[in-house]
Amino acid sequence: MKYTLVTGGAGFIGSHLVKRLLEDGEKVVILDNLSMGKLSNIPLENKNVIFVNGDVSDRKTVNELFGKYNFDKIFHLAAVASVAASIKDPEKTHQTNFNGTIYLLEEAKKQKDLRRFVFASSAAVYGNSLELPKKENSEISPLTPYAIDKYASERYVLTYNSLYKLPTSAVRFFNVYGSGQNPNSPYSGVISILTDRLKANKMGNYNPFILYGDGKQTRDFIFVDDVISALLLVSESNESLGRVFNVGTGKQISLNEMISIYEEISGVNLPIINHKFRDGDIRESYADISLLNNIGFKPKYKLNEGLLNYWNDEI
Ligand code: NAD
Ligand code: UD2
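Parameters at a glance
- Per chain, residue numbering runs from 1 following the sequence as it is written.
- All chains are assigned letters beginning at A, and all ligands numbers beginning at 1, according to the order in which they are written.
- In view of the model being predicted, local features appear only for residues whose pLDDT reaches at least 70, and side-chain atom pairs are presented and counted only at 80 or more, with totals across whole chains, interfaces and linings using the full set of residues.
- Remark: hydrogens and water are excluded; side-chain values derive from all non-hydrogen atoms of the structure.
- Secondary structure is summarised from DSSP: a helix means a run of H or I of at least four residues, a strand means a run of E of at least two, and numbering begins at the N terminus for each.
- Using a 1.4 Å probe on the protein chains alone, a residue whose accessible area is under 20% of its type maximum counts as buried, one over 50% counts as exposed, and one in between counts as partly exposed.
- A contact between two residues is defined here by any heavy atoms of the two lying within 4.5 Å.
- For accessible areas, the Shrake-Rupley method is used with a probe of radius 1.4 Å. Any residue's cover is judged against the shown protein chains and nothing else.
- When charges are tallied, Lys and Arg are placed among the positive residues and Asp and Glu among the negative ones, while His and the ends of the chain are skipped.
- Here the site of a charge means NZ on Lys, CZ on Arg, CG on Asp, or CD on Glu.
- Contacts described as polar in this section are N or O atom pairs within 3.5 Å, which, within protein, must combine one atom able to donate a hydrogen with one able to accept it, while residues neighboring in sequence count only if both atoms come from side chains.
- To get an axis, a line is fitted to the C-alpha atoms, and for a helix only the part in contact is used. The angle between two axes follows their N-to-C directions and goes from 0 to 180 degrees.
- When the near helix sits turned anticlockwise from the far one by under a right angle, the crossing is termed left-handed; a clockwise turn instead gives a right-handed crossing.
- Basically, the charged four are Asp, Glu, Lys and Arg, the nonpolar ten are Ala, Val, Leu, Ile, Met, Phe, Trp, Tyr, Cys and Pro, and anything else, Gly included, counts as polar.
- At least two DSSP bridges between two strands are needed for those strands to be called paired.
- Throughout, near means a residue has at least one heavy atom within 4 Å of the molecule or strand.
- Only one rule defines a salt bridge in this text: a Lys or Arg side-chain nitrogen within 4 Å of an Asp or Glu carboxyl oxygen.

Participant: I'd like to hear about the overall build of the protein chain, residue by residue, with values.
Facilitator: Broken down by element type, the protein chain carries 10 helices and 13 strands. Per-residue burial over the protein chain gives 53% buried out of 315 residues. Pairs at least 24 residues apart make up 77% of the contacts formed inside the protein chain by residues separated by at least 6 positions. Accessible surface, the protein chain as shown: approximately 14,400 Å² in total, 51% of it carbon and sulfur. Here the protein chain contributes 36 positively and 36 negatively charged side chains, and the mean placements of these two sets differ by 3 Å.

Printed below as a string of structure tokens:
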């Protein structure tokens, strides 16, 4: 029997992917150590889901997994996804974010009939490089252990294609938002924090949002459903073999504009406290998505539509 492996499948993006794969009738194996993910994110009652509580940086766990199941596709999303956590503990981050990738690649290499291995990288690899929009061949300037491991893993993943003919691809996510994203750290995605604050204020609890800087900084926010479509497209396309793709909308919006759209959707006038810019905060960021467009991707959700979906899921 053939399975699709989703590492990190109990997390924010991974759990959305699992749900879409199940809707498509696939049998899914999830490998997640629940360090950030939650069992409640997974439809465990579905007979096509197998959940393995295990660590991708444990060689034995990965060996046993491949000994037990035969994979058609692998989506490797498990990672210490917080840049702040990677700065605090580079060694632990490296074990998961880098070693975990190599272990999976080595096992995947032994499996002759794998159709695709897709790796989740990040726009963090561009660091403070100034070119806008960011193209896949723009300057790479990883500034944190997180970004260094993402870039190194990405290169390994693609090099396994050129050296060993393993069918691999990689994607660089920009700012992903949607239901299930944990708002509980100051380094959580800004839209998950905003959702949390808007909900509190909607219920009459004063809970201000801290805005770092003047709010004129821009980002390319992409709704999680579009991210899943991009992942599936990359995993199916022949043209994506051995290549890396930006995953964004190709549009930038300032924080101020995004906040006012979200205030309108939620009907809440958000109390805002202004702080100075965060150290290292990037001023402007958005993706050039021509490569992804060329294999057939078009984002479905405008920001106001994605925010409306997110808001309706949350309240
Ligand atoms: P998340 O933290 O919700 O999901 C990551 C999952 O990996 C969690 O369920 C966690 O428990 C699991 N995990 C962590 N270490 C593990 C280990 N050693 N073994 C097994 N499982 C482990 O984060 P997310 O936002 O869903 O991110 C998914 C992927 O996308 C990550 O690789 C992240 O780096 C990447 N990414 C996310 C964004 C974003 O905007 N959310 C942007 C760029 C890249
Ligand atoms: C994203 C990634 C980060 C790294 C980086 C690389 C997320 C969650 N973070 O950081 O992992 O890849 O890109 O470029 O995807 N902000 C506030 N108030 C808050 C929280 C945030 O004003 O409470 C601001 C923040 O200062 C920034 C913007 O909102 O200007 C977006 O912040 P973010 O943490 O969502 O994402 P970003 O792009 O800084």
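Participant: Got a sec to walk through the environment of E257? Specific residues and values, please.
Facilitator: Inspection of the secondary structure puts E257 in helix α8 (residues 255-266). In this structure the C-alpha to C-alpha distance between E257 and A79, which are 178 residues apart in sequence, comes to 31 Å. At a separation of 3.0 Å, a polar atom in the side chain of E257 contacts the side chain of S254.

Participant: Can you break down the packing of helix α6 (residues 190-202) against α8 residue by residue, with the values?
Facilitator: Contact geometry of α6 with α8 gives a least axis separation of 11 Å together with a crossing angle of 35 degrees. The hand of the α6/α8 crossing is right-handed. Between α6, through V190, I191, L194, T195, L198 and K202, and α8, the contact on the second element is made entirely by L255, M258, I259, Y262 and S266. Residues that form the contact of α6 with α8 fall into these classes: eight nonpolar, two polar and one charged.

Participant: Go over the sheet that holds strand β5 (residues 116-122) with me, naming the residues and quoting the values.
Facilitator: Strand order across the open sheet formed by seven strands is β3-β2-β1-β4-β5-β6-β11, with parallel pairing between neighbours. A strand with exactly one partner marks an edge of an open sheet, and here the two such strands are β3 (49-53) and β11 (244-247). Sheet twist, expressed as the average angle between the axes of neighbouring strands with direction ignored, equals 20 degrees. In terms of strand pairing, strand β1 (residues 2-7) meets strand β2 (residues 28-32) through four bridges, oriented parallel. The residue of β2 that forms the bridge with V6 is I30. The strands touched by helix α2 (residues 59-68) are β1, β2, β3 and β4 (70-76); relative to β4, the strand with the most contacts, the crossing angle is about 140 degrees.

Participant: Residues and numbers for the site of ligand 1, please.
Facilitator: The full set close to ligand 1 counts 28 residues, and I13, D32, D55, Y146 and K150 are the nearest of them. Note that an oxygen atom of ligand 1 is positioned 2.6 Å from one of the side-chain N or O atoms of D32. V56 has a polar backbone atom sitting 2.9 Å from a nitrogen atom of ligand 1. Bound to the protein, ligand 1 loses 92% of the 820 Å² it would expose on its own. Among the secondary structure elements, those contributing two or more residues to the shell around ligand 1 are α1 (12-23), β5 and α5 (145-164). It is β5 that contributes the most residues to the shell around ligand 1, three residues altogether. A per-class count over the shell around ligand 1 returns 15 nonpolar, 10 polar and three charged.

Participant: Could you give me a rundown of the side chain of S254, with the residues and numbers involved?
Facilitator: The residue S254 is located in strand β12 (residues 253-254) in this model. On the accessibility criterion, S254 (10% relative accessible area) is buried. Other than its neighbours up to four places away in sequence, S254 contacts G215, K216, Q217 and T218.

Participant: Report on the pattern of salt bridges, specifying residues and quantitative values.
Facilitator: Applying the stated rule across the entire model yields 15 salt bridges. Between R59 and E107 there is a salt bridge, with the nearest N and O atoms lying 3.2 Å from each other. Placement of the pair is R59 in helix α2 and E107 in helix α4 (residues 90-110), with a sequence separation of 48 residues. Take E107: its relative accessible area is 7%, and that puts it in the buried class. For E131, the salt bridge is made with K135, and the minimal N-O distance between the two is 3.7 Å. Its relative accessible area of 36% is what places E131 among the partly exposed residues. One connected set of salt bridges, linked through shared partners, spans D72, K73, R115 and E236.

Participant: Outline the site of ligand 2, listing residues and values.
Facilitator: Surveying the vicinity of ligand 2 reveals 19 residues, the closest of which are V190, I210, Q217, R219 and D281. Taking S122, its side chain carries an N or O atom lying 3.3 Å from an oxygen atom of ligand 2. Separating an oxygen atom of ligand 2 from a side-chain N or O atom of R278 is a distance of 3.5 Å. Computed on the free molecule, ligand 2 has an accessible area of 730 Å², of which 84% lies beneath the protein chains in the complex. Sorting the residues of the shell around ligand 2 by element identifies α6 and β8 (209-212) as the ones contributing at least two each. With four residues, β8 is the largest single contributor of residues to the shell around ligand 2.

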